[in-house]
Every structure is written in structure tokens, then in C-alpha cells.
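# Breakdown of the fold
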Amino acid sequence: MGRLSRRAFALAALSTLTTASGAAAAPRRPWWAPAEMRGVWLATVSNRDWPSKPGLTAAQQRAELIAHLDRAAADRLNAVMFQVRPTADALWPSPYEPWSQYLTGTQGKNPGWDPLGTAVTEAHRRGLQLHAWFNPYRIANHADPTKLAASHPARKHPDWVVPYGGKLHYNPGLPEVRAFVQDAILDAVHKYPVDAVHFDDYFYPYPVAGQTFDDDAAYDAYGSAFSNRADWRRDNIDKLVLETAARIKRIRPTAQFGISPFGVWRNAATDPLGSDTRAGVQSYDDNFADTRKWVREGWIDYLVPQLYWNIGFAAADYAELVPWWAEQARGSSTKLYLGEALYKAGDPAQPAAWQDPAELSRHLTLAREYAPVRGHVFFAAKEVAADRIGAMARVVADHYRGPAAPPRRVTGRSAGSGA
């Protein structure tokens, strides 16, 4: 089906599922829905969603965390992607990295309780999966190493660090960095019965105009087998994904491994295999993340491309990207979920489509036309709680009338097997 006819088909399907008022009508569905992902991201970086501010008491922090889990359960969601390593730190007692500053206001200070351990226990008590969300390479949202805790590995190994864009990053081109990042992450997998390890979209950092990510020494040392630096960088990220997947399966065979990248792999103008989009960022070229390959090769258990655009958005149309990603996932062992921009609903700075409480519901209606799409994840928990124009309530009323079991990993499959 051609791109124009495919989009027309998707929009026609939407038009047949509308009420007299023009809002998306609820499709008929059983009281107990088939297994599907109904997730929410719970971000801790810069205290975005939780805790509401640093320095709360342990009891106050716990109460806020429980409130987010309660709200997720009340909205018939079934998974929480809980950010437990936002900036090369930890929300559990880690022997590798300091306690997160977002808990107490001071990096390395013990908060007096175990947020990740509590989150796993309380999520499971409510029938929610707990996906432990890790940022692999971000060290700090500032560029001053002296602001890090004295014990921070980045201070002990300054040669691992690349300042870029006013932030500090670990260098993905160093094998010792890749091994350390995995060790730090997998400590949590050893200690807690997490349902998944979850990565976001930050691999190599997003481009900053006029600045260069200085990995010359690493490229000179390790890049000789590659004809250009971009291919070497993509191979570094491929190695991180494959090695992490294999180690997770050895430690906790039931745990899934999922990644949520930027929503555009490549534009068709760049690569005929790409989507009919004109996005200013392409994950393959800018984050050096070959997200399409990970899906098609079955390297990971699930992918959640961040499709943070409305239906009809010219540069990156939701109605174009859903069928494109569905086609990439067709026949793959990697499950496809879609990242949804709940945070845009009702934001006056966003286009008119986001002022309509039914926009997100229409997304789920459209996505149901494509069998490889197995669910959705909403960004983020603060907006689920506030629901400023009722967009989440509309999704729940239209699509989540009954509970649904979250997808689980089928054991016995090895990373990269494609089976």
C-alpha cells in the first residue's frame, strides 16, 4: 500500500469510529482485554515526576510514590517505567554509583530507604509490572565534574568523560565504559525481581549546533575496522544493546529488555527505507542508534518509539509513523509499543490538535488497525495524575474499560536469535 493511500486508509478508519460530536468512539472490546502494554513513565531526573522536590522525608517520598502507583492501577494501566538511574546515580543502594541527588538534594546522601525495592514490591502488589528505567551514558545535566559526589566514578575516571552541550557524558566508544555501565545497571537486576530493564532515547547525545563530541582518542584506538566514525559509533551502541540483553537473560531469564528511542529512525529523503517524515532528528544519524535493526533482528524484547506528534503533524505525522513502525515489527520477536505524548495534551504552547481531549484516544483507535502494535506507554506520571484537559480519562473510558494483562517475556530465546 503506498504512503498516501495508507495514510488515507488510516484516517478513513478513524472517520468510521466517531460519535455525532466528532470525537473518537469507543471500539467494542471484551471486559478482559487481551495482553497489551498500558504503561506510564515515572521520571525522576530533575524531579520531573517524583519526588516532587528533593529533600522530602522518606515517609513523604514513599507516600508520593505510592500515589503514582495507585493512580496507574486506578486507570487500569499495567506497567510503570520507573527511572532509577537518571544521571549515572542510583535510586537503590548501589556499590557502583552514588545515591541520586534528586532524593535528598545531595548526591551520595543516603535517603534512609530503598525506593527501587519499595517500587517493585508495591507495584507487584497492585498488579503492575515494574520496568527499571536506566539512562546509560548521561552523567550530569551540568558540565562541572567538581559538583559530582567525591566518590563518583566520573571523578575517579576523568578519561571516561566527554563534556558536550553543557552536560557531562560517558564516552560510549570506550569498552571499559560499556562494561561499567552494564555492571552498574545489572546490579539492580541481580537484587530485585524487576520485570524489565528499560533504556530511553539517550545514547550518543542529541546534536548541539556548533559543538563536537570529542571522541577522537577512542576512535583512534578502537575504530580502525570502520570506514567512518558514524558506523563505529553505531557499532558501539549495538554492542551495548547485545551485551546488555545477553547479561539480563543470564541473570534473570524472565526479565524483559526494552528501549524507547526517538520516534524517527530515518527520513525517506535520507534513506528510501525510512518513514515519510521530515524530522529534524534521525536516531540512526544523530543518536547513532540503529533502532530499526534492533527490531528486525529481534535483539530486544520490546521497542517503544516516542511518537510524540499529533495526527496530521506535517514533519512527523503520527498516522504515517504508526504503519511504518508496524511494518518494521511485522514478523519480529520484538514487541512494538508506542510512546504517547500525554504531556502535550492541554499545553497552550502545542498545536491546536493537542487542545482536543480526544486526540490521544484517536491515536489508540488508529493504532488498533495495525496488528504488530501491542500497546502504548504514556509520558508521563505527573500528567497522568493531573490530566489537565481529561485526555487520559478519555483514553481510559474509550480503550481501557477493563483490565489487561501486560505482555511477558517468553523464556528460552537468546538475544539476537530473531525467534
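Residues numbered from 1 in each chain as written. Predicted model: local features only at pLDDT ≥ 70, side-chain atom pairs only at ≥ 80, totals over all residues. Heavy atoms only, no water.

Within the element layout of this structure, Asp 183 appears in helix α6 (residues 175–191). Note: C-alpha distance between Asp 183 and Thr 244 (61 residues apart in sequence) is 9.3 Å. Excluding residues that lie within four positions of it along the chain, Asp 183 makes contacts with Tyr 96 and Arg 247. (Helix = DSSP H or I, 4+ residues; strand = E, 2+ residues; numbered from the N terminus. Contact = heavy atoms within 4.5 Å.)

Strand order across the open sheet formed by three strands is β4-β6-β5, with antiparallel pairing between neighbours. Each edge of the sheet is formed by a strand with only one pairing partner; in this case those strands are β4 (138–140) and β5 (161–164). Between one strand and the next, the sheet's axes are offset by a mean angle of 35 degrees, whatever the strand orientation. (Pairing = 2+ DSSP bridges. Axes fitted to C-alpha atoms, helices over the stretch in contact; angles between N-to-C directions.)

So, about the packing of aromatic side chains. Summed over the entire model, instances satisfying the criterion amount to 26 aromatic pairs. Seen from their ring centres, Tyr 170 and Phe 180 are 6.1 Å apart, and the 70 degrees between their planes marks the pair as edge-to-face. With Tyr 170 in strand β6 (residues 167–170) and Phe 180 in helix α6, the pair connects residues that are ten residues apart, well separated along the chain. Taken individually, Tyr 170 and Phe 180 each receive the classification buried, so the pair is uniform in this respect. Site record: aromatic cluster; members linked through ring pairs are Trp 41, Tyr 308, Tyr 343 and Phe 379. Its guanidinium or amino end placed over the ring of Trp 265, Arg 292 lies 5.3 Å from that ring's centre, counting from NZ or CZ. (Phe/Tyr/Trp six-rings, centres within 6.5 Å; stacked < 30°, edge-to-face > 60°. Buried < 20%, exposed > 50% of the residue type's maximum accessible area, 1.4 Å probe, protein only. Lys NZ or Arg CZ within 6 Å of the ring centre and 35° of its normal.)

Counting buried positions along strand β2 (residues 79–85) gives seven out of seven residues, so the element sits mostly inside the fold. When strand β1 (residues 37–42) meets β2, the two strands line up parallel, connected through four bridges. Looking at the pairing, Leu 42 lines up with Phe 82 of β2. The parallel pair β1 and β2 is bridged by helix α2 (residues 58–74), and the resulting crossover is right-handed. Two strands pair when backbone bridges link them, and β2 and strand β3 (residues 129–134) are joined in this way by six bridges, in the parallel orientation. Residue pairing across strands places Phe 82 opposite Ala 132, the latter belonging to β3. (Right-handed = clockwise from strand over helix to strand, strands pointing away.)

The subject of this paragraph is the pattern of salt bridges. One side chain can pair with another of opposite charge once the charged atoms of both are near each other. Within the structure shown, the criterion is met by 25 salt bridges. Residue Arg 394 is joined to Asp 398 by a salt bridge in which the shortest nitrogen-to-oxygen separation is 2.9 Å. Of this pair, Arg 394 and Asp 398 both sit in helix α14 (residues 391–399), separated by four residues, roughly a single helical turn. Taken together, the shared-partner salt bridges in this structure form one network comprising Arg 62, Asp 70, Glu 122, Arg 125 and Arg 126. (Salt bridge = Lys/Arg side-chain N within 4 Å of Asp/Glu carboxyl O.)

Right, let's talk about unusual backbone geometry for a bit. Between Trp 50 and the following residue, Pro 51, the backbone shows a cis peptide bond with an omega angle of -20 degrees. The topology assignment puts Pro 51 in the loop between β1 and α2. Here the amide bond leading from Phe 379 into Ala 380 is cis, since omega sits at 5 degrees, within 30 degrees of zero. With respect to the helices, strands and loops of the structure, Ala 380 is situated in the loop between β11 (373–378) and α13 (381–386). Non-glycine residue Asn 47 carries a positive phi angle of around 55 degrees. Despite not being glycine, Arg 76 shows a phi value in the positive range, around 60 degrees. Topologically, Arg 76 is positioned in the loop between α2 and β2.

Worth remembering: the numbers are spatial, not functional.
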